Protein chains: 2
Amino acid sequence: MLKKVLLSGFAGLAVLAVGILIGHFGIEKGSSAPSWMSDLSRDVDEKLIQEFIAEVDNVKIQENLRELTRVPHMATTAGDEATVQYMLKNWQDTDTGLDASWREDYRVYLSFPNRDKPNNVSVGDAADTVVYTVREKEKAYQSEQDDPEVVQPYAAYGPAGEVKGRLVYANQGKASDYETLNATLSLTGTIAIVRYGGAGRADKAINAAPFGVIGVLVYTDPYDINDGLMSDENETYPHSWYLPPSGVERGSYKNHFGDPLTPYLAAKNGTYRIPVENITGIPPIPIQPIGFEDAQALICELGGSAAPEDWQGSFPCSYNFGGPGFASSSPFNNSDVTLHLYNRGELRDSANVMGVIWGSVEPDRYVIYGNHRDSWVHGAIDPSSGTAVMLEIARVLGQKVKAGKWRPRRTIIFGSWGAEEFGLIGSAEYAEEYVSKLSQRTVAYINVDISVFGKLSLKCYSNLTRSQVNIPGSDSVSVYDNWIRYSNRTSAAYGNIPNVGHMTGAGSDYASFVHYLGITSLDISYTYDRSTTRARIYPAYHTAYDTFDYASTYIDPGFTSHQTVARTAGNVLIRLADGLLLPFNCSDYAETLEQFVSTAAEAFEAQLVANGISLEPLKAAVKRFRTAATSLDRTIHNSDLANDTPLRARMINDQLMLLDRAFLDPLAFPNKYGYRHVIWASRSSNVATFPGVADAVEKARASGRKEDWAQAHKHLSIVTQAISGAAHTLAEAQR
Amino acid sequence: MLKKVLLSGFAGLAVLAVGILIGHFGIEKGSSAPSWMSDLSRDVDEKLIQEFIAEVDNVKIQENLRELTRVPHMATTAGDEATVQYMLKNWQDTDTGLDASWREDYRVYLSFPNRDKPNNVSVGDAADTVVYTVREKEKAYQSEQDDPEVVQPYAAYGPAGEVKGRLVYANQGKASDYETLNATLSLTGTIAIVRYGGAGRADKAINAAPFGVIGVLVYTDPYDINDGLMSDENETYPHSWYLPPSGVERGSYKNHFGDPLTPYLAAKNGTYRIPVENITGIPPIPIQPIGFEDAQALICELGGSAAPEDWQGSFPCSYNFGGPGFASSSPFNNSDVTLHLYNRGELRDSANVMGVIWGSVEPDRYVIYGNHRDSWVHGAIDPSSGTAVMLEIARVLGQKVKAGKWRPRRTIIFGSWGAEEFGLIGSAEYAEEYVSKLSQRTVAYINVDISVFGKLSLKCYSNLTRSQVNIPGSDSVSVYDNWIRYSNRTSAAYGNIPNVGHMTGAGSDYASFVHYLGITSLDISYTYDRSTTRARIYPAYHTAYDTFDYASTYIDPGFTSHQTVARTAGNVLIRLADGLLLPFNCSDYAETLEQFVSTAAEAFEAQLVANGISLEPLKAAVKRFRTAATSLDRTIHNSDLANDTPLRARMINDQLMLLDRAFLDPLAFPNKYGYRHVIWASRSSNVATFPGVADAVEKARASGRKEDWAQAHKHLSIVTQAISGAAHTLAEAQR
């Protein structure tokens, strides 16, 4: 039986700050009052939002997706250029386009397999006779998989190399997995096979190398993605949404985002580039992803003792550690696994396509809406489902602008980013090039990448009021209610509300905006009911099966979920662009900070105090933040914007816009490119609190070294100062 | 004959951007137009400025100085606390005070000599019999020098230690000086005596240590400060402004500014502090400043060959290198010099005193005016001449505010900084604590430290129109004209204009504002005609002779120069606080950038190109900046602010305010605390261009290493991106 994707778990959000029920208010004015006066005090037009929601067209989204997915469009290929032209054509359309649209190219360092010398993985016996060869490409069920432009599965930024050794099974390739394995057998000279999940792609090789492992194979276990189903006779795509046995998840095997040769500098001609050998956070040893069909053929032949229970997957055999190598009873007895990999780096020109609707009242305030354009293969879901939605939002808004019916208060910028799959490169280069302007002017960034399947996260927005947007096929159930039904939490201020994730990672192009620039960001998608499947992401992710057929047959027939996302994201976009006051409520930020403090206290306080480090300054800073946020709430509540100077709203909005900026510390994480936001930075520790503190304390606990406790203290001071600083920006903007 | 200090070289500046001759313009309005409308469009009131100039009172300034200099007020001493109370009393006065005034304390790491065990420098013969002892304190000519609170001359942050060795003369203690000396004799185990000038205080010891030097004495040569005069019988103070023979310049021997234990963190209780042994940029060997009387006794007895011509000073003897040690004909033959130093570090609470006048229209825009309060001894000139002026400006403005006659458009913040003499500590801690708020809101910073003698520098202000302020004793010669007379340059745009220095160093509290926060800053003082004296600063600088008597007798009898500075600085302050548009002209910034590029091209281009590095991207960026600046000029010129939305002026002002912020790169100078501004950062190279580029190219030239040329390329890219980014912030703020 096929599992139908459940459309749930995501809420539309009507972003309105508490107490700002200003609506339209007239300013008392005589006949001689200047004409700009009514413009300045105009708030969101609810009628316009209803119009927008009505006009978003699922058929147009479907057409967009059809066009975007005609050919594979990996970054910088001819297929990618075709999508550049498609974006420009749409956004430069005289009737439905934007005020302006243009391309911006960066010269970035990408990594590709060698067409003339495909990567090869095989098993060779003692006489070096090849007894088994891993598939070079995925099996074709439709013509799409036969397209010569389908890139061979590979690990981008993994090194070329030829290695041969005994095979071992290392679970997810976490450092602890290799430690466990190493306690049983010597890993020197071995090839490890690991499954996706648990550790970052590059880390599966980075963790392996210190143990003497010389090569790594990666595959997706049917347990993790297919709920155990494995047969392409009737269980997997094209019979369902599940991954076929030969499907391979491609990906960037690089820990830092942005162009790897030009950290903090936009990759232009003439820009300084670090030597290729200085790139950090990439695999030090050859690594290659393969399908589970091949993984099964290898893993089920392994010798050695049985791996632990939680290392077992869905193959109908015991997952053994490896002797190292294959079992003596196996036809592969005494055989080695050989990787012949020919990946190579190249400087390529990658384009962002930009589009803009200029603001009428505050053109120097930007709301940015973006998604990447490049895919690994046809990329119907990742990223084209997001791009198809973005195009439809832009079309509806562009049409109104072209017809002279509407112009937003603030400027709206659309970004179609290039080379995201290689590590969020296009958006990072954009952030680097325009760092000052974006920092000074950007109100918010909205990211919609995989629009109908995947992440669910929201930040610093709240008091999510009932949405005007209903779930597909319902006239009464709102996205908001549906969200609460599938994922909720209890808030002290609001009661039962949708649960919103935190943007602690770099999963899509929001990373540069939230982590590097400190811009309040939102990443949304319509996802499935995670209680009904173990699939950690939609199964065709990064494979040759992520096609229009897959999307329209199994993910969103009729494109009504796409439509729902477009309505919801567009609703947020219009409110951010048109609200007299920005729809942010910073008391909600205080709630998170308080939660972080109490988590930190519970997990760390006793040991910190034992090492002479007090949490009191941090607690005091969070109290100061809460007081300031409450005071700003009151200021907003008591403000009479209708009769006050038009600068008043601007001043309050500046405080709201710049709040996330106050959490940036460019020196807090010297070894993590692009991470400056001390609340939301990535975190290795499992303790859900301030990332720098959590990671430093864990390190100090592990080592017991005085210097490591000093670093924990330093991170505490960094966070304390940032929170106090943020509180200062919320307080006393006026007498 | 005494040299009378010439009052010249400094111009008052009426800061008005080109084309912004908007004056007062009425907005057409009916009877029902809101009351705030006229406030919003109000510009600088010239009548108010005339009133201000008339009300600034030289007698009040003199009284302030009298009060501020009653006792020595080194940072954190009882004398310092008395000045804290004096500031608070003035700024909290109900008739002439500010809206609010308060103190803010930081717990900072200072360095003091040991009262119970004074530092001691002596000459001992072969039998260890002391044959000469350097004075422990300066000679008293008035009761002030006998005050027990006069701190013994010492090198703050120089280590304690007892060292003994042969004496050598090392000119100014530059690295090249020690190299020259080392080519003649072995420096191992020697004590070097050096004169002030040429190298930073700490560097005189830092440069020495690698050559095996174990201790350093520093003195001020009469050639450099006294135009050669030396006798306190009739030539030096109290007979003139010249330094008496026993006078010793104290100072901070620390290269980085801010509290040394808490870089980038405000020094609060509980803040993480680095271990004391990790402080960098301080003397690694004992060092002690002494008077020239003692220096003469030592230098004139030195053996060895004669030092080069440009090492000679004013003593009536040949300055020899040293044998090492004294000449065989000297009574000190075979004697060593011994330093017994007992300096020690202490955590002390240092106060900033803050005062504020809230803005009426844009309270969230700050103009900050500051000076430090702490001195080395009585500090009449440094810093009290500046504080006396600040108090008078605040009094005149405060009186108007209290009387309800005036309130500035923007908020004015006064800062009386603590512990500047130890390395700009109070202002740096303030900048660190409020980094977000200050970055987001500060329009400009004005620093007036030594108000009537010293630095002369101005930045990003221009089109200096004829000032309303005349020089003391004249009804017709303006400060502006006088400035041009003594220091001028030819500008392509304006012709003959006053010469304005660049803020490339960290000479006073402006450092944190311009270098760390990227706030447009101004540092002004009334100085002397440098063609008439070689004195590198006023001679009593940092000595026990910098007293009220000294200031009122020799520096500014009648206090009319103080008055002129108060009028000028206040004029600038009011224009920054009240201007409808900020009085900045950014085309002038383009002129500097163009000058920097052509200097860089002349000095470096051939060699850069030979190393595969092109200057073209930098040139293109500067062109882009010029185009954007011209376009903003045009926008301003064509704007009709009287009839446009009040947000229009705010948007343009935001561009002007944030321009300097765009030049910040927090990662550009990882080894220089607080330097982030890539145009104005400190520079070792003599080539007056972008500091990071100049220093990196010089290093690469010297080493010839590929990695060093790569660093030069990196710095070029950093500057190029910053300039392009700044250009983006000037362009297209609106359609």
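Residues numbered from 1 in each chain as written. Chains lettered and ligands numbered in written order. Predicted model: local features only at pLDDT ≥ 70, side-chain atom pairs only at ≥ 80, totals over all residues. Heavy atoms only, no water.

- Under an unreviewed UniProt entry, the name given to chain A is Aminopeptidase NAALADL1, and the organism recorded is Electrophorus electricus.
- Its UniProt record gives chain A a comment under Subcellular location (unreviewed entry), which states: "Apical cell membrane".
- You can read under Cofactor (unreviewed entry) in the UniProt record for chain A the words "Zn(2+)". (UniProt positions renumbered as here; feature names shortened; annotations may be inferred.)

As for the packing of helix α18 (residues 616-638) of chain A against helix α21 (residues 706-730) of chain A
Residue and element names in this part refer to chain A.
- Their axes nearest at 8 Å, the elements α18 and α21 cross at an angle of 15 degrees. With respect to α21, the element α18 is oriented roughly parallel. Crossing of α18 over α21 shows left-handed handedness. Residues P617, L618, A621, V622, R624, F625, A628, A629 and L632 of α18 pack against L716, V719, T720, I723, S724, A726, A727 and L730 of α21.
- Taken together, the residues that form the contact of α18 with α21 break down as 14 nonpolar, 2 polar and 1 charged. (Axes fitted to C-alpha atoms, helices over the stretch in contact; angles between N-to-C directions. Helix = DSSP H or I, 4+ residues; strand = E, 2+ residues; numbered from the N terminus. Parallel < 35°, antiparallel > 145°, perpendicular 65-115°, else oblique. Left-handed = near helix turned anticlockwise from the far one by under 90°. Contact = heavy atoms within 4.5 Å. Nonpolar A, V, L, I, M, F, W, Y, C, P; charged D, E, K, R; others polar.)

As for the domain arrangement of chain A
Residues and elements named next belong to chain A.
- Partitioning chain A into domains gives domain 1 (38-108 + 352-490 + 500-578), domain 2 (114-342) and domain 3 (587-730).
- The straight-line distance from the C-alpha centre of domain 2 to that of domain 3 is 39 Å.
- Domain 2 puts 5 residues into the contact, and the matching count from domain 3 is 6 residues.
- Carbon and sulfur atoms supply 65% of the area that domain 2 and domain 3 bury against each other, a total of about 530 Å² over both sides.
- Linking domain 2 to domain 3 there are 0 salt bridges.
- Across the domain 2-domain 3 interface, the total number found is 1 residue pair in polar contact (both at pLDDT 80 or more). (Domains from an automatic or database assignment. Buried area = accessible area lost by both parts, 1.4 Å probe. Salt bridge = Lys/Arg side-chain N within 4 Å of Asp/Glu carboxyl O. Polar contact = N/O pair within 3.5 Å; in protein donor to acceptor, adjacent residues only side chain to side chain.)

Focus: the pattern of salt bridges
- One pass over the structure, following the stated rule, counts 82 salt bridges over all chains.
- A:D644 is paired through a salt bridge with A:R648; the nearest N and O atoms lie 3.6 Å apart.
- Of the residues examined, A:D644 reaches a relative accessible area of 21% and is grouped as partly exposed.
- Among the ionic pairs, B:R107 bridges to B:D349, the shortest N-O distance being 3.2 Å. One end of the pair, B:R107, is in strand β1 (residues 100-112); the other, B:D349, is in strand β12 (residues 344-357), with 242 residues separating them in the sequence.
- Look at B:R107 and you get partly exposed, because its relative accessible area is 26%. (Buried < 20%, exposed > 50% of the residue type's maximum accessible area, 1.4 Å probe, protein only.)

Concerning the state of the cysteines
Residues and elements named next belong to chain A.
- All chains considered together, the criterion is met by 2 disulfides over all chains.
- The disulfide partner of C300 is C317, and the gap between their sulfur atoms is 2.0 Å. Handedness here is read from the sign of the S-S torsion; for C300 and C317, about -75 degrees, the answer is left-handed. Within this pair, whereas C300 is found in the loop between α9 (292-299) and β11 (336-341), its partner C317 is found in the loop between α9 and β11, the two being separated by 17 residues in sequence. (Disulfide = S-S within 2.5 Å.)

What to know about the nonpolar core
- Among the nonpolar cores identified, the biggest contains 226 residues, and A:F414, A:F422, A:F625 and A:I723 are the most heavily contacted of them.
- In terms of residue count, the dominant contributor to this core is helix α10 (residues 380-402) of chain A (11 residues).
- Setting aside chain neighbours within four positions, we find A:F414 in contact with A:W91, A:L98, A:V353, A:M354, A:G355, A:I357, A:Y369, A:M390, A:I393, A:A394, A:L397 and A:L573.
- If you look at the next biggest cluster of nonpolar residues, it comprises 223 residues, including B:A205, B:V218, B:F315 and B:V448. (Core = buried A, V, L, I, M, F, W, Y, C linked by side-chain atoms within 4.5 Å.)

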